[in-house]
Amino acid sequence: MGDPLFAHGVGLAVLIIAIVKVVVVFAVLMVAVMLMIWMERKVISDMQNRIGPNRAGPFGLLQSLADGIKLFFKEDLLPDKADRVVFRLAPYLTLVPAFLIFTIVPIGGAVDIAHHAFDLQVADPPMGILFLLALSSVSVYGSMLAGWSSGSKYPLLGSVRASAQMISYEAAMGLAVAAVVLEDHTLSTRAIVAAQSASVLHWGVIQTGIVPFLIFWVAATAELNRPPFDLVEGEQELVGGFHTEYSSIRFALFYLAEFMNMITMSAIMVTLFFGGPDGPGFHFLPWVWPILWFVGKTFVFLYIYIWIRAALPRLRYDQLMDLGWKRLIPLALGWLLIIAAFRVDDVWGFAVFAGCLLAAAALGQSIRVGQRRRQIEAETTGEGRAARAAKQVQLRALAARSEEGGAR
Amino acid sequence: MGSLDSYLPIFLMIVLGIVFAALSFVASKLLAPYRPTAAKEAPYECGIVPTHEPTYRFPVRFYLVAMIFIIFDIEIIFLFPWAVVFGQLHTFGLVEILVFAAAVFVSFVYLISNGALDWGPMKRVQPIATDEVRTTSTTVRRVGPSSGEAA
């Protein structure tokens, strides 16, 4: 278990290989982000019957690079109401986790260079899945602190929204991942991929019965603040969201992290539910095929993210919270229990399934009760008083008008 | 310390990420102009001069969400070790987790039935139905010297 690179302790050669791995992944990620931004702009343009970037480089391929270079030359403003330390710290808290999450993604199989066997994966910690969840929690701090430290109202509101949204969907995401862990008995991403490599039928998406995948997908989209869950930067309400006050390269780093997270989340989905680098290989250059499969599968999800952005309008905040808390979390929990019960035996399975249906009915009833209670409360407190006052005004106006009519 | 060796690349990645961000800031400092003015450093307010301090107050519901999240996060953290060893636990593990899930679910239902997670706007007060016929003279308010009221 674990990366064979570290089987014989850490020597100079091992250290060099580790550094090379990290630098290569870093560079590939940066280029991937560049291409991803270009692709998003191009595909969205195509879907909206526009041309999109086409000046910098062939087909506008260098547009993101040009934008990046431009941002280096832009004035970096620090609002005078900002908390200076935290304002400077926030981009690190967003960017570093974005790089780190990708380290646990298995990109390809094992290779052997100069008698040093190693996995094509930056790191394979035994608790990779927990590492993933922990880092996605840490990145909440980035957006939270960025908004809070700006000393301005739109970023503050944006960051409060962002953190509530991200922690809400993190719960659903964690439960969906737990289903995969239940199937594969391990927290190591490489072992998860290995457990899925027997055939397509062993892929997580089929083994866990599609539902955890769908939940994870929705939750990941919300976690990334991608449309239709991009309330964090709802322009009509919040200007630019938590990074409204950020300019120049600080803004660029937030943007970079956002796209990098998108790539990473697609890669994580491929790892957990679609067998990672699993796929038919050939004898010619055997180590290349897994990488190609991995990149291909990830690309599909990236394309779908762009497609969703072009197709779906933004949710309302209450719809977002209702979807996360009242639908996805109970569904994910119930599904996990059902999978677990069917693994024990069928009798338990159907019993737990029936129990979950009852629980769903109870939940539906409690949602209705909650809404009614809140309405009663609203009518007897502040909001209700305001509404009643408005009603009085309306009534008086009506009475006055009818009197006037009578006098005439 | 063999088990910690596999974290070495992660540590290297942390260093690389921090160095990258720091170098970007340094490059920006060297390349970008720096001519701050009061207007540039004022909080963004759509071009208006801000009249209020940012309030730092937001709806209490956000705090509620944070607290409820803690319950679920603890549950999830408990679920992971359970999921890893579930193959060896069988019926015992299932019963354990059912009891645990039931306890969490009951408190969840309690929260929801109290409206703790309702974000929707209040149901709007129904406008009073007027039995008057809606014509231009009742719906359009004329303003000006000829309308008979102070404009």
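Residues numbered from 1 in each chain as written. Chains lettered and ligands numbered in written order. Predicted model: local features only at pLDDT ≥ 70, side-chain atom pairs only at ≥ 80, totals over all residues. Heavy atoms only, no water.

Draft legend 1. Broad picture of the overall build of chain B. Looking only at helices and strands, one finds four helices and zero strands in chain B. Taken from the N to the C terminus, the helices and strands of chain B come in the order α-α-α-α. A burial count over chain B gives 31% of its 151 residues as buried. Summarising the internal contacts of chain B: among those between residues at least 6 apart in sequence, 50% fall at separations of at least 24. Of the roughly 10000 Å² of accessible surface on chain B, 67% is carried by carbon and sulfur atoms. (Helix = DSSP H or I, 4+ residues; strand = E, 2+ residues; numbered from the N terminus. Buried < 20%, exposed > 50% of the residue type's maximum accessible area, 1.4 Å probe, protein only. Contact = heavy atoms within 4.5 Å. Areas by Shrake-Rupley, 256 points an atom, 1.4 Å probe, with all protein chains shown as cover.)

Draft legend 2. How the structure looks around the overall build of chain A. Counting secondary structure elements, chain A contains 14 helices and two strands. C-alpha extents for chain A along the principal axes are approximately 105 × 65 × 45 Å. Across the 408 residues of chain A, 54% fall into the buried class. Within the structure as shown, chain A displays about 17900 Å² of accessible surface, and the carbon and sulfur contribution to it stands at 68%. Separation between the mean location of the 32 positive side-chain charges and that of the 31 negative ones in chain A comes to 9 Å. (Lys, Arg positive; Asp, Glu negative; His and termini not counted. Charge placed at Lys NZ, Arg CZ, Asp CG, Glu CD.)

Draft legend 3. Region of the structure containing helix H10 (residues 248-273) of chain A. Residues and elements named next belong to chain A. Compared with the 38 Å implied by 1.5 Å per residue over 26 residues, the 38 Å span of H10 between its first and last C-alpha is a close match. Within H10, 24 of the 26 residues are buried, which leaves it mostly tucked inside the rest of the structure. Downstream of H10 by one or two residues, Gly275 has phi in the positive range, about 70°. (Expected span 1.5 Å × (residues − 1).)

Draft legend 4. Layout of the interface of chain B and chain A. With 79 residues of chain B at the contact, the number on the chain A side is 104 residues. Taken together, both faces of the contact between chain B and chain A bury some 8400 Å²; the carbon and sulfur share is 76%. The tally of links from chain B across to chain A stands at two residue pairs in polar contact (both at pLDDT 80 or more). For the side of chain B that touches chain A, the secondary-structure elements that each account for two or more residues are helix H1 (8-31), helix H2 (38-41) and helix H3 (61-113) of chain B. The element contributing the most residues to the side of chain B that touches chain A is H3 of chain B, with 28 residues. In terms of residue class, the side of chain B that touches chain A is built from 55 nonpolar, 13 polar and 11 charged. (Buried area = accessible area lost by both parts, 1.4 Å probe. Polar contact = N/O pair within 3.5 Å; in protein donor to acceptor, adjacent residues only side chain to side chain. Nonpolar A, V, L, I, M, F, W, Y, C, P; charged D, E, K, R; others polar.)

Draft legend 5. Highlighting the domain arrangement of chain A. Domain assignment breaks chain A into domain 1 (64-111 + 125-344) and domain 2 (358-408). One C-alpha centre belongs to domain 1 of chain A, the other to domain 2 of chain A, and the line joining them spans 41 Å. (Domains from an automatic or database assignment.)

Draft legend 6. Spatial organisation of the packing of aromatic side chains. Within the structure shown, the criterion is met by 25 aromatic pairs over all chains. Note that Arg250 of chain A overlies the ring of Phe25 of chain B, its terminal NZ or CZ placed 5.0 Å from the centroid. (Phe/Tyr/Trp six-rings, centres within 6.5 Å; stacked < 30°, edge-to-face > 60°. Lys NZ or Arg CZ within 6 Å of the ring centre and 35° of its normal.)

Draft legend 7. Main features of the nonpolar core. Among the nonpolar cores identified, the biggest contains 151 residues, and Phe102, Phe216, Leu272 and Trp325 of chain A together with Phe80 and Trp82 of chain B are the most heavily contacted of them. It is H3 of chain B that contributes the most residues to this core, 20 residues altogether. The contact partners of Phe102 of chain A, leaving out residues within four places of it in the chain, are Val25, Leu29, Ile107, Ile263, Thr264, Ala267 and Phe294 of chain A. (Core = buried A, V, L, I, M, F, W, Y, C linked by side-chain atoms within 4.5 Å.)

Draft legend 8. Here's a closer look at the environment of Phe118 of chain A. Residues and elements named next belong to chain A. Take Phe118: it is sitting in strand E2 (residues 116-119). Among the residues examined, Phe118 registers a relative accessible area of 8% and is labelled buried. As for Phe118 and Ile44, which are separated by 74 residues in sequence, their C-alpha atoms are 39 Å apart.

Draft legend 9. Structural detail: the pattern of salt bridges. Residues and elements named next belong to chain A. All told, the structure shown has eight salt bridges over all chains when counted by the stated rule. Residue Arg309 pairs with Glu40 through a salt bridge whose shortest N-O separation is 2.7 Å. You can see Arg309 sitting in helix H11 (residues 288-311) and its partner Glu40 sitting in helix H1 (residues 12-47), a full 269 residues away along the chain. Classification of Glu40 as buried rests on a relative accessible area of 2%. The partner of Lys326 in a salt bridge is Asp322, with the nearest N and O atoms 3.2 Å apart. Of this pair, Lys326 and Asp322 are both found in helix H12 (residues 317-344), four residues apart, which corresponds to roughly one turn of the helix. For Lys326, a relative accessible area of 5% puts it in the buried group. Several salt bridges share partner residues, and in doing so they unite Glu40, Arg226 and Arg309 into one network. (Salt bridge = Lys/Arg side-chain N within 4 Å of Asp/Glu carboxyl O.)

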